[in-house]
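Here's the letter readout for the chains.
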Amino acid sequence: MSSSPSPLEAAPAAELADPLDESGVAPPPEVDALSRWFTRAFADLDTLNADFCEHLEKASSPEDDVVALARLGRDGIKKRSKRFLAEHPAADGVGVIFARAADAEGRGVIEWWERDASLGVHRYAFGLNPSGDRFYDYEKIEWFVMTFGSGQHWITGPYIDYLGVDEYVVTLTAQSSVHGRPVGIAGVDIKMSDLERELLPLLQRFPGRAALVTTHGSVLASNTSSLIAGDRVRPAELGLKEHPLRASGASVTVVYE
Amino acid sequence: MRTTGAEPHPAAAAEEAQQAGNAHVIADRIANSISLGLLAVGERLPPEIELAQQFGVAVATLRKGLAVLRERGIVVTHRGRSGGSFVVKAPFPSDAESENRLRSLSVVELRDLRDHSISVGSTTARLAAERAWDGALARLRELATSVTTAPTAATAASADSRFHIEVAVLAQSRRLMNAELELQSELTPLLWAQSLFGGGGARSIQEQHLRIVDAIASGDGDAAARAMAEHISADAHCVIDAKLSLEVTSS
């Protein structure tokens, strides 16, 4: 795992995401660094998603249903996922989660590739039969609900992906459209321990306490034991400064002393 | 896999399996090891080659046996990093099996199972109250009521376990979730096999589940922990009563 305080990708991001906060005051450079990290993470997801969609479109025709689409696109998705995981040491798994077809008993369709110990990738097998005992009912999960249809970027978590990859993760998502219609979402899983390794060096630049908090008030990472990942807080009651990272597309707020 | 003196002689068993030449025999024997507690939920099965040797069958036959267990939802197989076949569910016991199990456990052991379940369960409920966001609770509420709509004792037991596991998921602790998975596989089959199914038990369990959900939804960790402790206590006492009445009828 990378120990450098870099964003998901090492190249420096040119864009300054949130130039001003709500009071019109420029945020301190520590906040900028966090903002750039999330901006870069979503930019990388967008690039990945665009490649997935382009590949799926080339491999299929507009009449194909999602089952055929996933089958025809599998090799290309694997190749691109493998490259992404090689370039992004903090990412644990990536892929496309397709909206379940209304027909064919609504079986789930997921092309998900997970990192291997030996620098390889393997396809993760989920329980996709709706009548099965261990059905991964993913259309009810926050990342699907928030991204599919709306097309917005979303960060889900921290959560234990029970019946999914069974890890404690956050998931970044963007909508995938093929032949002009939304077919599902592209996602990147980051294990919470790896997210911490990425963000802690940036959080430790703050002179006082600092934390990243999701829209639900869940702490993603912090530089203090008074706010630990998974804790739920009401940012307004902490008596800290708040800076939402809106421009990065991340539903995350920095709170800091 | 651990073996005990109670198991049939490996060579004889191997021969039997070979003669049957049937993946189902292998599947049943592995399932039986799980029912007997030789393999616990969450445990990884030994490598295929080792298992095949143990049962005296070809690796291909063993693989078919594992496929049968996967279909039954008893094991899952993952490739790669954390690969292998894992026990995810104990097979639902027959009446005779659960009766034997209840006879073999002392009241003190059942009380200890209750104590451990309360310790893990009430902590998961407390943490869920502190950590879960409102959107996650609709699913929990749905799971809380699924015990009354389940058509069989086995499905009701699964639904009951699933509710408790979801509380552990919302607690966001992998260690507690693994502990809960294992505890559920011990206590819940006994509860549904012996005491409750067909009676008014399912309804009362549903009410207790809903009380727990309400406490979690209100964000009151103490109330959630208390409601969970009371619920597990009631469950465990049903099982202990069932055990005691077994002893009365057999003496």
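Residues numbered from 1 in each chain as written. Chains lettered and ligands numbered in written order. Predicted model: local features only at pLDDT ≥ 70, side-chain atom pairs only at ≥ 80, totals over all residues.

(A) View of the overall build of chain A. Along the backbone of chain A there are four helices and ten strands. Reading chain A from its N end, one meets helices and strands in the order α-α-β-β-β-α-β-β-β-α-β-β-β-β. Looking at the 257 residues of chain A, the share that counts as buried comes to 45%. (Helix = DSSP H or I, 4+ residues; strand = E, 2+ residues; numbered from the N terminus. Buried ≥ 20, exposed ≤ 12 C-beta atoms within 10 Å, placed from the backbone.)

(B) Expanded view of the overall build of chain B. When you go through chain B residue by residue, the secondary structure sums to eleven helices and two strands. For chain B, the succession of helices and strands along the chain, N to C, is α-α-α-α-β-β-α-α-α-α-α-α-α. Pairs at least 24 residues apart make up 75% of the contacts formed inside chain B by residues separated by at least 6 positions. (Contact = placed C-beta atoms within 7 Å.)

(C) Focus on the pairing of strand 2 (residues 84-87) of chain B. Residues and elements named next belong to chain B. Burial of the side chains of strand 2 is restricted to one face: Ser85 and Val87 are buried, whereas none of Gly84 and Phe86 on the reverse face is. Taken together, the four bridges between strand 1 (residues 75-78) and strand 2 define a ladder with antiparallel strand orientation. Among the inter-strand pairings, His78 is bridged to a residue of strand 2, identified as Gly84. (Pairing = 2+ DSSP bridges.)

(D) Structural view of the interface of chain A and chain B. Tallying the contact residues gives 19 residues for chain A and 17 residues for chain B. At the level of secondary structure, the elements contributing two or more residues to the side of chain A that touches chain B comprise strand 2 (109-115) and strand 4 (154-160) of chain A. Counting residues per element, the side of chain A that touches chain B draws most heavily on strand 4 of chain A, which supplies three residues. Taken together, the residues of the side of chain A that touches chain B sort by class into six nonpolar, five polar and eight charged. (Nonpolar A, V, L, I, M, F, W, Y, C, P; charged D, E, K, R; others polar.)

(E) Expanded view of the environment of Thr224 of chain A. Residues and elements named next belong to chain A. Structurally, the position occupied by Thr224 is in the loop between strand 8 (219-222) and strand 9 (241-244). The exposure class assigned to Thr224 is partly exposed, which follows from the 14 C-beta atoms found within 10 Å. It is 11 Å that separates the C-alpha atoms of Thr224 and Phe206, two residues lying 18 residues apart in sequence.

(F) Structural view of the sheet that holds strand 8 of chain A. Residues and elements named next belong to chain A. The strand order 8-7-10-9 describes an open sheet built from four strands, whose pairing is antiparallel. Looking at which strands have only one partner, the edges of the open sheet turn out to be strand 8 and strand 9. Ignoring strand direction, the axes of neighbouring strands in this sheet form an average angle of 20°. Where strand 7 (residues 210-214) and strand 10 (residues 252-256) come together, five bridges link them in antiparallel fashion. If you follow Ala211 over to strand 10, its bridge partner there is Val255. The sheet strands contacting helix 4 (residues 192-203) are strand 7 and strand 8, and the helix crosses strand 8 at an angle near 55°. (Axes fitted to C-alpha atoms, helices over the stretch in contact; angles between N-to-C directions.)

Read these as spatial facts, not as claims about activity.
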